[in-house]
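# Chain and residue survey
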Amino acid sequence: MRVFVFRDSWVLPAAPDVVGTVLADLAGYPTWWPQVLAVAALGPDDARVLCRSRLPYTLDLVLHAVSRHPPLLESTLTGDLEGRVRWRLSARGEGTLLDFHQEVVVTGRLLGLASWTAAPLLRWNHRQMMAGGIAGLRSRLEGSRREG
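How each quantity is defined
- Residues numbered from 1 in each chain as written.
- Predicted model: local features only at pLDDT ≥ 70, side-chain atom pairs only at ≥ 80, totals over all residues.
- Heavy atoms only, no water.
- Buried < 20%, exposed > 50% of the residue type's maximum accessible area, 1.4 Å probe, protein only.
- Helix = DSSP H or I, 4+ residues; strand = E, 2+ residues; numbered from the N terminus.
- Arc of directions from axis to C-beta.
- Phe/Tyr/Trp six-rings, centres within 6.5 Å; stacked < 30°, edge-to-face > 60°.
- Salt bridge = Lys/Arg side-chain N within 4 Å of Asp/Glu carboxyl O.
- Contact = heavy atoms within 4.5 Å.

Turning to helix 3 (residues 109–117), its buried residues are Leu 111, Gly 112 and Ser 115. What you see down the axis of helix 3 is that its buried residues fit within an arc of 105°, all on one side. Of the residues in helix 3, the exposed ones pointing more than 90 degrees away from the buried face are Arg 109, Leu 110, Leu 113, Trp 116 and Thr 117.

Scanning the model with the defined rule gives seven aromatic pairs in all. The interplanar angle of 55° and the centroid separation of 5.0 Å between the aromatic rings of Trp 87 and Phe 100 together place this pair among those described as tilted. On the criterion of sequence distance, the pair formed by Trp 87 in strand 6 (residues 81–92) and Phe 100 in strand 7 (residues 95–106) is long-range, its members being 13 residues apart. Relative accessible area serves as the criterion here: at 8%, Trp 87 is assigned to the buried category. Through a chain of ring-to-ring contacts, three or more aromatic side chains come together here, namely Trp 10, Tyr 29, Trp 32, Trp 33, Trp 87 and Phe 100.

On to the pattern of salt bridges. Tallied over the entire structure, the rule returns four salt bridges. Salt-bridge contacts for Glu 74 lead to Arg 84; the nearest nitrogen and oxygen are separated by 2.7 Å. Of the two residues, Glu 74 sits in strand 5 (residues 72–79) while Arg 84 sits in strand 6, which places them ten residues apart along the sequence. Under the relative-accessibility criterion, Glu 74 is labelled buried at 9%. A salt bridge links Glu 74 to Arg 86; the nearest nitrogen and oxygen atoms lie 3.1 Å apart. Note that Glu 74 is positioned in strand 5 and Arg 86 in strand 6, a separation of twelve residues in sequence. Judged by its relative accessible area of 26%, Arg 86 is partly exposed. Bridged by salt links that share partners, the residues Glu 74, Arg 84 and Arg 86 form one connected network.

The subject of this paragraph is the environment of Thr 21. By the element assignment, Thr 21 lies in helix 1 (residues 16–24). It is 8.6 Å that separates the C-alpha atoms of Thr 21 and His 69, two residues lying 48 residues apart in sequence.

Secondary-structure assignment places Leu 37 in strand 2 (residues 36–43). The spatial distance from the C-alpha of Leu 37 to the C-alpha of Leu 59 is 9.8 Å, given a sequence separation of 22 residues. Leaving out residues up to four positions away in the same chain, Leu 37 has contacts with Pro 30, Leu 50, Cys 51, Arg 52 and Thr 58.

Shown next as structure tokens:
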């Protein structure tokens, strides 16, 4: 199995508690993250998430919340990917420094085979997904500031 590690950081225009509330609400992701197609609750700490970026492949994931309280939001992933995803939030001026860390192995049959030959393409696809997510999150936070 091929391991992928993704890390990134962004500064967002809202306080950590506001950012944390939006990120902890998985059911709301499809309203602001274009690449998250659907979220179905499977219980108080579990959800099935379907997401698709630029490549013609929909990831089918089950997320289990490990921590939903800032400064650390963390979930385990199973399904087409297995591993962990973490969002670490810290105050940065009047905003939030959001650190992202994801470490996964590819388990889906088709995606698993492709991960060995198309790793650069899969990394590009991930960057596109994250760019859409951060743009959507910024827009969602700015909308909340205007409403508040």
